[in-house]
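# Coordinates in review
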2 protein chains.
Amino acid sequence: MQEPKLTKKGRETRARIVAAAAKLMFDRGVAGTSVEDVQREAKVSASQLYHYFKEKRELVLAVIVYQTEMVLSAQEPLLSHLDSMEALRAWRDAIVKLQVERQCAGGCPIGSLASELSDTDQGARIALVDSFMQWEHAIRRGVRMMYERGELTIHANPDSLGLALLTALQGGLLLTQVRRETGPLEAGLDAVLSYIDSLRV
Amino acid sequence: MQEPKLTKKGRETRARIVAAAAKLMFDRGVAGTSVEDVQREAKVSASQLYHYFKEKRELVLAVIVYQTEMVLSAQEPLLSHLDSMEALRAWRDAIVKLQVERQCAGGCPIGSLASELSDTDQGARIALVDSFMQWEHAIRRGVRMMYERGELTIHANPDSLGLALLTALQGGLLLTQVRRETGPLEAGLDAVLSYIDSLRV
């Protein structure tokens, strides 16, 4: 994906193209974004854009990587330390707060790409599996730490609980985007968090 | 939405157009489906199609209504009677089984429309709010019945639990579509179902 030997200026140009593509694809969808749109938005020539991305598909893969970094870094430092009920609830509050700040519009940048691309672009789907896996691993790491410290009942399945949190989060972001209010996001995350809480010893 | 005075043949033609549009939009997205594509798929003339739908936006609204009926009726008779843990688990199993039968592709027809349209078509978003509300009400009715019969602790919030189930379902269908396996769907629904189970008295 990444060009191996880019100058500082080259890296900056490439980054500007990817950020422009990410913005347009988030606003209008991948299908609604042409390579020419990206070129205009990033203020680069057609040959400059072609130098970095030979086709739209390559640009889409770069956008997936970019949005994954954006989404996960926006949840730090909370995401890396989800190993207590307090930390999980603080993470939940931060996610809900972010949606309120965004007037509940936009949904999840990764989830939106997933919904649009999973059945039409196999390369993108594989990249999205990896994106969600990074997210899932971060959540699971915290819940598993609680389990391994003996804070959850021996019958708990920390990996499944971590995945359930990501699932509730994705469904919650989608329904919040549709309804323009955070009720579904809160209901989904709170049910799974309360369940985890009920498994504490 | 519905033309008030259609002959039987008129209703059939209209239904054929909507079914064709729904199929194409499910396969390629709304942005990837033109009115001409629908015309070809439904085997109708441009003027026939125009007789029923003056613009693509009207067709999209009809597709939302159509997919909502399809999705909800596919869950019957289970969906109308979710008032016990057995019924909830049977519904969960049926949803997982359906995804397995579909090789985990496609995702939720309503969820996919929601992800694509919520930020770009206000009329569609309003229609999708109504779609999800129908779905939510059906689930909530069952959980609330359990609550009102005194089967759940007085501290339970049946409406929030019903919404949490729909949220986990939506996130589960999206992640299942991405990963091509039902793990996320099962983890999400099972966490909320186990939580409901833990609230039984």
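Conventions used here
Residues numbered from 1 in each chain as written. Chains lettered and ligands numbered in written order. Predicted model: local features only at pLDDT ≥ 70, side-chain atom pairs only at ≥ 80, totals over all residues. Heavy atoms only, no water. Salt bridge = Lys/Arg side-chain N within 4 Å of Asp/Glu carboxyl O. Buried < 20%, exposed > 50% of the residue type's maximum accessible area, 1.4 Å probe, protein only. Phe/Tyr/Trp six-rings, centres within 6.5 Å; stacked < 30°, edge-to-face > 60°. Helix = DSSP H or I, 4+ residues; strand = E, 2+ residues; numbered from the N terminus. Lys NZ or Arg CZ within 6 Å of the ring centre and 35° of its normal. UniProt positions renumbered as here; feature names shortened; annotations may be inferred. Expected span 1.5 Å × (residues − 1). Disulfide = S-S within 2.5 Å. Contact = heavy atoms within 4.5 Å. Least-squares fit on C-alpha atoms with pLDDT ≥ 70 in both.

## Some points on the pattern of salt bridges
For the structure on display, the rule yields 36 salt bridges over all chains. The partner of A:Glu181 in a salt bridge is A:Arg179, and the shortest N-O contact between them spans 2.7 Å. The exposure class of A:Arg179 is buried, given its relative accessible area of 18%. Each of the salt bridges in this network shares a partner with another, and the network as a whole consists of A:Glu136, A:Arg140, A:Arg144, A:Asp159, B:Arg179 and B:Glu181.

## Some points on the packing of aromatic side chains
Any pair of aromatic rings gets described here by the distance separating the centres and the angle formed by the planes. Residues and elements named next belong to chain A. Counting across every chain of the model gives two aromatic pairs over all chains. Each ring, one from phenylalanine 132 and one from tryptophan 135, has its centre 6.3 Å from the other, and the planes form 0°; the classification is stacked. Taken together, the residues phenylalanine 132 and tryptophan 135, both in helix H7 (residues 122-148) and three residues apart, mark about one turn of the helix. With relative accessibility at 1%, the residue phenylalanine 132 sits in the buried group. Tryptophan 135 sits in the buried class, given a relative accessible area of 1%. Across from the ring centre of tyrosine 50, 4.6 Å away, lies the NZ or CZ of lysine 54, which sits over that ring.

## Some thoughts on the UniProt feature "DNA-binding region" (unreviewed entry) in chain A
Mapped onto this numbering, the UniProt entry gives "DNA-binding region" (unreviewed entry) at residues 34-53 of chain A. Secondary structure over residues 34-53 of chain A splits into 75% helix and 0% strand, and the C-alpha atoms at its two ends are 13 Å apart.

## Looking at helix H8 (residues 158-179) of chain A
Residue and element names in this part refer to chain A. For H8, with 22 residues, the first-to-last C-alpha span of 31 Å sits near the 32 Å given by 1.5 Å per residue. Among the 22 residues in H8, 20 count as buried, and that is most of the element. Once H8 ends, the next one or two residues include arginine 180, with phi positive near 60°.

## With respect to the state of the cysteines
Counted by the stated rule, this structure contains zero disulfides over all chains. The thiol of A:Cys104 is not disulfide-bonded; the next cysteine sulfur, from A:Cys108, is found 14 Å away.

## A word on helix H5 (residues 85-101) of chain A
Because each turn of an α-helix spans 3.6 residues, side chains separated by three or four positions end up pointing in the same direction. Residue and element names in this part refer to chain A. The end-to-end C-alpha distance of H5 is 24 Å, a good match for the 24 Å that 17 residues give at a rise of 1.5 Å each. The inward-facing, buried residues of H5 contact H7, H8 and helix H9 (183-198). Glutamine 103 lies just past H5 and shows a positive phi near 55°.

## Observations concerning the UniProt feature "domain: HTH tetR-type" (unreviewed entry) in chain A
The residues that UniProt annotates with the feature "domain: HTH tetR-type" (unreviewed entry) are residues 11-71 of chain A. Its end C-alpha atoms 21 Å apart, residues 11-71 of chain A is made of 80% helix and 0% strand.

## Some remarks on the relation of the copies chain A and chain B
Mapping chain A onto chain B calls for a screw motion: a turn of 180° about the axis and a shift of 0.0 Å along it, with 0.0 Å RMSD after fitting. Here the transformation between the copies is reduced to the relation of a two-fold axis. For chain A, the residue whose C-alpha comes nearest the rotation axis is A:Gly171, separated from it by 1.8 Å.

## Focus on the environment of A:Ser131
All names here are of chain A. Within the element layout of this structure, serine 131 appears in helix H7. Classification of serine 131 by relative accessible area gives buried; the value is 3%. For the pair serine 131 and isoleucine 110, spaced 21 residues apart in sequence, the C-alpha to C-alpha distance is 7.8 Å. Setting aside residues no more than four positions away along its own chain, serine 131 makes contact with Ile64, Thr68 and Ile110.

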